[in-house]
Every structure is written in structure tokens, then in C-alpha cells.
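# Structural characterization, general
Below, each chain spelled out in residue letters.
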Amino acid sequence: MDIDDSPELGFASLAVRAGQARTAEGEHAEPIFATSSFVFANAAEAAARFSGALPGNIYSRFTNPTVRMFQERLAALEGGETCIATSSGMAAILATCITLLKSGDHIVSASGVFGTTLSLFNQYLSKFGVATTYVRLSDLSAWKAAIRPETRLFYLETPSNPLMELADIQALADLAHSHNILLVVDNCFCTPALQQPFKHGADLVIHSATKYLDGQGRCVGGAVVGDQQRVGVDIYGFLRTAGPTMSPFNAWVFLKGLETLRLRMLACSESALHLAQWLETQPAVERVYYPGLPSHPQHELAKQQQSAFGGIVSFDLRGGREAAWTLIDHTRLISITANLGDAKTTITHPATTTHGRLTPEERERAGIGEGLVRVSVGLEDLGDLQHDLDRGFQRLV
Ligand SMILES: *Cc1c(COP(=O)(O)O)cnc(C)c1O
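Procedures and definitions
Residues numbered from 1 in each chain as written. Predicted model: local features only at pLDDT ≥ 70, side-chain atom pairs only at ≥ 80, totals over all residues. Heavy atoms only, no water. Core = buried A, V, L, I, M, F, W, Y, C linked by side-chain atoms within 4.5 Å. Buried < 20%, exposed > 50% of the residue type's maximum accessible area, 1.4 Å probe, protein only. Contact = heavy atoms within 4.5 Å. Domains from an automatic or database assignment. Buried area = accessible area lost by both parts, 1.4 Å probe. Polar contact = N/O pair within 3.5 Å; in protein donor to acceptor, adjacent residues only side chain to side chain. Helix = DSSP H or I, 4+ residues; strand = E, 2+ residues; numbered from the N terminus. Nonpolar A, V, L, I, M, F, W, Y, C, P; charged D, E, K, R; others polar. Phe/Tyr/Trp six-rings, centres within 6.5 Å; stacked < 30°, edge-to-face > 60°. Lys NZ or Arg CZ within 6 Å of the ring centre and 35° of its normal. Near = heavy atom within 4 Å. Areas by Shrake-Rupley, 256 points an atom, 1.4 Å probe, with all protein chains shown as cover. Pairing = 2+ DSSP bridges. Right-handed = clockwise from strand over helix to strand, strands pointing away. Salt bridge = Lys/Arg side-chain N within 4 Å of Asp/Glu carboxyl O.

Core analysis: the biggest nonpolar cluster contains 47 residues, and Trp-143, Phe-154, Leu-156 and Leu-183 have the highest contact counts within it. When residues no more than four places from it in sequence are discounted, the contact partners of Phe-154 are Val-108, Trp-143, Ile-147, Leu-172, Leu-175, Ala-176, Ile-181, Leu-182, Leu-183 and Val-184. Judged by nonpolar contacts, the second largest core, of 43 residues, contains Val-67, Cys-188, Cys-219 and Leu-372.

Right, dumping it as C-alpha cells:
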């Protein structure tokens, strides 16, 4: 379907319609183009495609129709000009950094970003002369103080993992732009269903499609959304050369995932809010981290910047690691896994898993206590989730 002449379509319509280009077969659902290469009518057409004089497919490392449908749909949902899909979320971050940075450049990043992103910056980009300074996500003055003449990127996730701290995207975009810096937002936790960083001034949006875009824990993938020059030309150029492109099958899974994205995000946000309120009443719980709670220090910002509060709830237990492991080990329904954004609710002890490689001092500075538990709320019945956690809580009182 060509929706170019209906720019008024709303989010829900775009989620099921944007990007689909029907073939002559008249299929209703989007097809998977499982082909590595494409054929030409004659030698002259091949030459014209290769030279770029004639647009069209050549090879699936460059373009693939199923991948393109996913890219167009995600770009429409984020409100970005264009999108490039990648083989993983990390490949999206790598492609962005390699393309936009050169030796001598500098990144200012939020300190609490995804652990593998920290490794990418610290172990690999540093080898090529790209330095990174880390600041507290919510501390605008720290971002400002970290700026150097060679700073090119501000990099952040909001809300942060696992403490659900927020960045004021518009304030950071204004600061970045007044210093000729690009603001890159990893929109994994909210997805465009709940937060559209471009509306608040972000320049590039990154996704690990592995999480909520898939939403059912099946495929690994990623994407970068942004303007035509940076994403459609520059980052695309890196990707078709270096090769971490998305497979057509994975693109199809994510494309279909986008169709239910808003329903899933609203459902898990609603359950998460109720769960967070319930957790606040538990004697064993010292503190709940959820932006939908009035007790969250950035609750007002969350209400302005997000349309709902997301599916991730973290909380501190009074009894430290022993209490956290007791609670986790008494679940039967909730999955013990570090993944998130799945229809299945998951539970994690960050201090010994996702953040286990940090030194105790680093963990303390990051606010990751031994009693901290993170839950990624899925689509099960709320009562069943409460019952599952209650079994552990009974042991803690
Ligand atoms: C998982 C994740 C990534 C990395 O994505 P992969 O698809 O695992 O490569 C990046 N950012 C955030 C916030 C994530 O949760």
C-alpha cells in the first residue's frame, strides 16, 4: 500500500500499514524476500543499478524489500526521515559511531547505559582514538561541564536501566546543538509507542529491536533512525560496506512486531504501574524505581516526555542479596533471565548478572545495590504475577 498521499495517518495505522509495498501476487501480509541477490533484465540494467543511475535492488547486504518495509515502518513510527536496520542493537550503535566519529573525537555518554555499549566505547572505540566521558544521566550541568572542543556526540538511554532514571531530552538537545554536538538516544525502553525523541530535539534514535520491537523474544536486530544524509547515506554506506545488515526473516518478525507494539507497550505499562504501586506496600521493599509513581523524583518529566511509563520496574529489598535471591528463586511463572521487553515477564538480580562485572565501588556509584531486583513486566495477568512474587515475599517477612 502506498500511504505517501495520506500523511495524516495516526500511529496505530502506521504501525500496521506503513512501508508495505505489495507485489503483483496481491499478498495481504508482507512477504519475506528470502533472496541474497536480485536479477536484471539485461547487462545495461545491471550496469545502471551498479552505477547508481537506476535505483533498485542488487544484493541483500545493500537492500532487501522485507528489510526496507521494516525500516520504513519504524521510521514512520519514530517520526524520523529514514531508518537503516542492522543485525543487532550493538551493530546499530557501532555503525553510528564508526560513521559519525573519527580519531580524536569525543563522546559524552550517560554512565548507566547498556553494559555492552560501555564496553564498545571503552575497549574498542578508544583503540581508534575516540574518548568517552561519563556523566550522570539526569545532571544537566555535568553534561555541560564534560563538553570539549572535540565533543561530537551525546549518547543516552532514557529511562535508564535498571534504576529508571530519566534524561530531559529537550534540555540535552538544546545544550548539544548550541555546541554543534549530535544527540543520540537509545529508545529501547520506551519505543516510539511511548516516547518519540525526535519531538524533543534528538538527532538520531537507536534501537535494539531484540527487545520490545520484537516483543516475543525471538530475533536479534537493531536500527538507526534519523535524517536522510546521516542515516540514509552515511550510515547506510558503512553498513553495506561492513556488512552487519538485518536478515529478511528477522526484519519480517520485527515488522509484524511493530503492528502490536503500542498495544503491548500500553498493556505492560498498565501492569507495571499496578505492580509498582503494590510493591510500594510490601514491608520487605525499601524503595521502588518506576517513573509512573509520584514517589519517582522525575515523575513530572516522565508525564511530559512519555505517554506511559513502560514495563520495567526495579526495587530494593531490605534484606540485600539474600532477600533478592530468595524472591527470585521462589518464582515459578516469571522467567529468571536478563532479557527484557518480552511478552513473558522476566526477573533479574542486576548486581550479580547484568552489572556483575563492575567492581563493588562502581556498582555502588551506579546505585546498583545487592538488594536490587529488576522486573520486565510482560503480558500475563497481573494477579498471577503478584501471586508469583508473593510466594517469595511470604518468606521475607
Ligand atoms: C539489549 C540492548 C542493546 C543491545 O542490543 P542487542 O540487540 O542485544 O545487540 C542496546 N541498548 C539497550 C538499551 C539494550 O537493552
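Next, the rest of the story.
What follows is about the domain arrangement of the protein chain. In many reports, interface size means the accessible area that the parts give up when they come together. Split into domains, the protein chain comes out as domain 1 (3-259) and domain 2 (262-396). Averaged C-alpha coordinates put domain 1 and domain 2 at centres separated by 28 Å. Taken residue by residue, the interface counts 30 residues in domain 1 and 35 residues in domain 2. Buried area between domain 1 and domain 2, both sides added, is near 2,700 Å², and the carbon and sulfur share of it is 58%. The largest contributions to the domain 1 side of the interface with domain 2 come from Leu-163, Leu-194 and Tyr-212, which together make up 29% of the buried area. Along the contact surface separating domain 1 from domain 2 lie 13 residue pairs in polar contact (both at pLDDT 80 or more). Counting only elements with at least two residues in the side of domain 1 that touches domain 2, the list comes to helix 1 (11-17), helix 7 (169-178) and helix 8 (191-194). Among the elements that make up the side of domain 1 that touches domain 2, the one with the highest residue count is helix 8 (3 residues). Counted by class, the side of domain 1 that touches domain 2 contains 15 nonpolar, 11 polar and 4 charged residues.

The next point concerns the packing of aromatic side chains. In total, this model carries 8 aromatic pairs according to the counting rule given. On the numbers, 5.7 Å between centres and 65° between planes, the contact of Trp-278 with Phe-393 is edge-to-face. Note that Trp-278 is positioned in helix 11 (residues 261-280) and Phe-393 in helix 15 (residues 382-396), a separation of 115 residues in sequence. The residues Trp-278 and Phe-393 share a single accessibility class, namely buried. In this arrangement the basic side chain of Lys-211 is found over the ring face of Phe-114, its NZ or CZ atom lying 4.9 Å from the centre.

On to the side chain of Gln-386. In this fold, Gln-386 is placed in helix 15. Here Gln-386 falls in the buried class, since its relative accessible area comes to 19%. Setting aside residues up to four positions removed in sequence, Gln-386 forms contacts with His-274, Leu-275 and Trp-278.

The ligand sits among Ser-88, Gly-89, Met-90, Phe-114, Glu-157, Asp-186, Cys-188, Ser-208, Thr-210, Lys-211 and Gly-221. Taking Asp-186, its side chain carries an N or O atom lying 2.6 Å from a nitrogen atom of the ligand. Contact with the protein chains removes 91% of the 380 Å² of surface that the ligand exposes when unbound. Split by residue class, the shell around the ligand holds 3 nonpolar, 5 polar and 3 charged.

With that settled, the discussion passes to the sheet that holds strand 9 (residues 312-317). If you walk across this open sheet you meet the 5 strands as 8-9-12-11-10, and the pairing is mixed. The open sheet terminates on both sides in strands that have one partner only, identified here as strand 8 (285-289) and strand 10 (335-336).

The buried count for strand 4 (residues 151-157) comes to 6 of 7 residues, which makes it a mostly enclosed element. Alignment of strand 4 against strand 5 (residues 182-186), held across 5 bridges, turns out to be parallel. The partner of Leu-156 across the bridge, within strand 5, is Val-185. Between strand 4 and its parallel partner strand 5, the chain crosses via helix 7, and the hand of that crossover is right-handed.

Our next topic: unusual backbone geometry. The amide bond that connects Thr-158 to the next residue, Pro-159, takes the cis arrangement and shows omega of -5°. The topology assignment puts Pro-159 in the loop between strand 4 and helix 7. The omega angle of the peptide bond from Asn-161 to Pro-162 is 0°, so this bond is cis rather than trans. Secondary-structure assignment places Pro-162 in the loop between strand 4 and helix 7. Positive phi is not limited to glycine here, since Asn-180 has a value of about 60°. Looking at where Asn-180 falls in the secondary structure, it is placed in the loop between helix 7 and strand 5.

On to the pairing of strand 6 (residues 204-208), then. Burial analysis of strand 6 places 5 of its 5 residues in the buried class, which makes it a mostly covered element. Residues Leu-204, Ile-206 and Ser-208 line one face of strand 6 and the alternating positions Val-205 and His-207 line the opposite face, and both faces are buried. Strand direction decides the pairing type here: strand 6 and strand 7 (residues 222-226), joined by 4 bridges, are antiparallel. Paired with Val-205 across the strands is Val-225, a residue of strand 7.

Another aspect to go through is the pattern of salt bridges. The final tally for this structure, using the stated rule, is 14 salt bridges. Here Glu-30 ties to Lys-256 by a salt bridge, and the two come within 2.6 Å at their closest N and O atoms. Separated by 226 residues along the polypeptide, Glu-30 in the loop between helix 1 and helix 2 (43-51) and Lys-256 in helix 10 (residues 248-259) bring together distant segments of the chain. What makes Glu-30 buried here is its relative accessible area of 3%. Ionic pairing is found between Asp-105 and Lys-102, a salt bridge with its closest N-O pair at 3.2 Å.

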